[in-house]
Amino acid sequence: MKALKLRQVCLFFIAFIPINKLFLLPSLLARSANEDMWICTAINIIVDLLTVSVLTVCARKTNTDIFTMVENALGKVGAKILFFVYALFFMLKAILPIIEEKTYIEITLYEVFPKHLMFLPFFIVAFYLCIKKLRAVGRTSDIVWISTLVGLILLFALSIANCDFTALLPVGANGVSNVLKGARVGFIWHGDAIYLAFFLGQFYCHKKGAIKIFLSFLGGAICVLLFMVLFYGIFRSIAHRQIFALTDISKYSTVISNIARFDYLGIIALLFSGVFALTVPLYFAVECLMHIFSFKSRVLPSLIVNGLTFIAVILLRENYYGLESFAAYIGSYLSLFFCNVLPLFIPLLLRRSYKYEYTKN
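No experiment lies behind these values; they were computed from the predicted model shown.

**So, the pattern of salt bridges**
And then number 1: Tallied over the entire structure, the rule returns 3 salt bridges.
And then number 2: With a shortest N-O distance of 2.8 Å, D192 and K21 are connected by a salt bridge. With D192 in the loop between α7 (175–186) and α8 (194–199) and K21 in the loop between α1 (6–16) and α2 (25–33), this residue pair connects regions lying 171 residues apart in the sequence. Each of the two residues, D192 as well as K21, counts as buried.
And then number 3: Note that E287 and R298 form a salt bridge whose closest N and O atoms lie 2.4 Å from each other. Remark: R298 occurs in the loop between α12 (263–293) and α13 (299–316) and E287 occurs in helix α12; sequence separation between them is 11 residues.

**Some details on the packing of helix α3 (residues 37–61) against helix α9 (residues 207–235)**
Helices that pack against each other are described as a pair by the angle of their axes relative to one another and the distance between those axes.
And then number 1: Between α3 and α9, whose axes approach to 10 Å, the crossing angle comes to 170°. For the element pair α3 / α9, the angle class is roughly antiparallel.
And then number 2: Residue classes in the contact of α3 with α9 are distributed as 18 nonpolar, 3 polar and 3 charged.

**Section: the side chain of S332**
And then number 1: Positionally, S332 belongs in helix α14 (residues 320–341).
And then number 2: The class of S332 is buried, set by a relative accessible area of 0%.
And then number 3: Here the side chain of S332 touches V185 through a polar contact of 3.2 Å, landing on its backbone oxygen.
And then number 4: Once residues within four sequence positions are removed from consideration, S332 is found in contact with R184, V185, F187, I188 and A327.

**Observations regarding a positive patch on the surface**
And then number 1: On the surface, K5, K133, R135 and R139 cluster together to form a positively charged patch.
And then number 2: Mapped onto the secondary structure, R139 falls in helix α6 (residues 134–159).
And then number 3: Residue R139 is classed as exposed on the basis of its relative accessible area, which comes to 54%.

**Quick word on the layout of surface pockets**
And then number 1: Considered as a void within the structure, the largest pocket measures approximately 260 Å³ in volume.
And then number 2: Surrounding the largest pocket, 14 residues form its lining, T103, I243, F244, Y320 and Y321 being those nearest its centre.
And then number 3: Residue assignment for the lining of the largest pocket shows that the elements contributing at least two residues are α2, α4 (66–108) and α14.
And then number 4: The residue inventory of the lining of the largest pocket, partitioned by class, reads 6 nonpolar, 3 polar and 5 charged.

**Quick word on α14**
Each α-helix turn comprises 3.6 residues. Residues three or four places apart therefore point the same way.
And then number 1: If you look at α14, its biggest bend is around 45°, right at G331.
And then number 2: Those residues of α14 lying buried are Y320, L323, E324, A327, A328, G331, S332, S335, F338, C339 and N340.
And then number 3: Along its buried surface, α14 packs onto α2, α3, α4, α7, α8 and α13.

**Details of the packing of α3 against α7**
And then number 1: Running from N to C, α3 and α7 point in directions that differ by 55°, and their axes come no closer than 8 Å. Our classification of the angle between α3 and α7 gives oblique. Here α3 and α7 pass one another in a crossing that is right-handed. Between α3 and α7, the residues in contact are I39, C40, I43 and N44 and N178, V179, L180, G182, A183 and G186, respectively.

**Here we look at α9**
And then number 1: Here α9 spans 43 Å end to end across 29 residues, near enough to the 42 Å set by a 1.5 Å rise per residue.
And then number 2: R236 occupies a position one or two residues after α9 and carries a positive phi of about 50°.

**A word on a nonpolar patch on the surface**
And then number 1: A cluster of nonpolar side chains, contributed by L300, L303, I304, L308, I311 and L315, occupies part of the molecular surface with about 560 Å² of accessible area.
And then number 2: Relative to the helices and strands, L315 resides in helix α13.

**Things to note about the environment of L4**
And then number 1: Along the chain, L4 turns up in the segment before α1.
And then number 2: Residue classification places L4 among the buried positions, given a relative accessible area of 5%.
And then number 3: Sequence spacing of L4 and R139 is 135 residues, and the spatial spacing of their C-alpha atoms is 8.6 Å.
And then number 4: When near neighbours in sequence (up to four residues on either side) are disregarded, L4 contacts V9, L134, G138, F199, Q202 and F203.

The rules behind each value
Residue indices follow the written sequence of each chain, beginning from 1 at its first position. Only residues with pLDDT of 70 or above have their local features reported here, since the model is predicted, and side-chain atom pairs are shown and tallied only from 80 upward, although totals for entire chains, interfaces and linings are computed over all residues. Water and hydrogen atoms were dropped before computing side-chain values, which therefore reflect all heavy atoms in the structure. The rule for a salt bridge is simple: a side-chain nitrogen of Lys or Arg has to be within 4 Å of a carboxyl oxygen of Asp or Glu. Counting from the N terminus, the helices are the DSSP runs of H or I reaching at least four residues and the strands are the DSSP runs of E reaching at least two. Throughout this description, buried means an accessible area under 20% of the type-specific maximum (1.4 Å probe, protein chains only), exposed means over 50%, and partly exposed covers the range between. Where helices are involved, their axes are fitted lines through C-alpha atoms of the stretch in contact, as for all axes, and angles between N-to-C directions lie from 0 to 180°. Between 65 and 115 degrees an angle is taken as roughly perpendicular, under 35 as roughly parallel, over 145 as roughly antiparallel, and anywhere else as oblique. Charged means Asp, Glu, Lys or Arg here, nonpolar means Ala, Val, Leu, Ile, Met, Phe, Trp, Tyr, Cys or Pro, and polar covers whatever is left, Gly included. Two N or O atoms count as a polar contact when they lie within 3.5 Å, although within protein this holds only if one can serve as hydrogen donor and the other as acceptor, and sequence-adjacent residues are included solely when both atoms are side-chain atoms. Contacts are assigned to residue pairs with any non-hydrogen atoms lying within 4.5 Å of each other. Each patch groups residues whose relative accessible area exceeds 30% and which form no salt bridge, using 9 Å between like charges and 5 Å between nonpolar side chains of Val, Leu, Ile, Met, Phe, Trp and Tyr. Working definition of accessibility: Shrake-Rupley area with a 1.4 Å probe, residue cover restricted to the visible protein chains. Asp and Glu are treated as the negative residues and Lys and Arg as the positive ones, with His and the ends of the chain left uncounted. Lys charges are placed at NZ, Arg charges at CZ, Asp charges at CG and Glu charges at CD. Cavity: a set of points on a 1 Å grid over the protein atoms alone where a 1.4 Å probe fits but cannot get out. Pocket: an open set with protein on both sides within 12 Å along at least five of seven lines, its lining residues, like those of a cavity, having an atom within 4 Å of a point. Grid points are joined across faces, edges and corners, and a volume is the space filled by probe spheres set on the points. Two axes define the bend at a residue: one fitted to the seven residues ending there, one fitted to the seven starting there, and the bend is the angle between them. Crossing handedness: left-handed means the near helix sits turned counterclockwise from the far one by under a right angle, and right-handed means the same turn made clockwise. The span expected for a helix works out to 1.5 Å for each residue beyond the first.

Set out below in structure tokens:
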């Protein structure tokens, strides 16, 4: 029996794709490309969709998981080296969004600036989720997509009336170089297609199922794109100053001005989804360590991954802008390579894996 159902794979992308892109990324893109920031996001989405297209074809043609496939094609030593690098990459991919959400909660939702231990409960939850099998990820997706959609719909409904869509004109006014710069900055926040590579062989996929996965990924991505459009349409020339877009985008609604800030209902729903979204890269880092070192239990690798990430968050908290610069430059290139370039070679790995199985038999 497969660990995941096709439905859960689809809901996974709806639930988790938008979340980590709603905090700091909009202001960074506005800083790079102003009203063309949505084009930067569109480029990131297109790159991810190309990768998803390749991976959905692979999902239809194989029942072999990615670990076995790579081991058959590259050998045990080559596979262990590759997945150790991926484990480090997933931890790197998790650190910046965790610091973003930690800072957001501290500054926005608390009147008194709390200690570092205030965010420790997240790592306790993350540790608990990381010790679970992949089936738990699917069951979480069955639930969390609801809070993600509720939060997004509420924020969009409160924000759209204040959006000046003409502020996005003229299209391309900032030039190709600035748009490409913004797209490069966004790669570290995108790259969600890589998770589909780690789902290979874990669910049954037919032709219509591949289309459903593609459309689900596209749906989550469109939510991000719409958020970027609303964000700039509301703040225009001062968009780059609005550091925490999640709170800022809806606070000027007339309904809120007359009644109360019930947009926090949507924000809290998204923060709830964010707990699980932040755990996803940590979970797959644990998956990599499990296959590298053949642990019998997930407890030790989960403790290692979450412990090292917690230490990194504490140490890097005061050097956030340096981390942001690293993520926007080196980190983005790493993300493009590991999340979008390497997965394109999976069809070749699949072919070599079939040859290995044929020779073995």
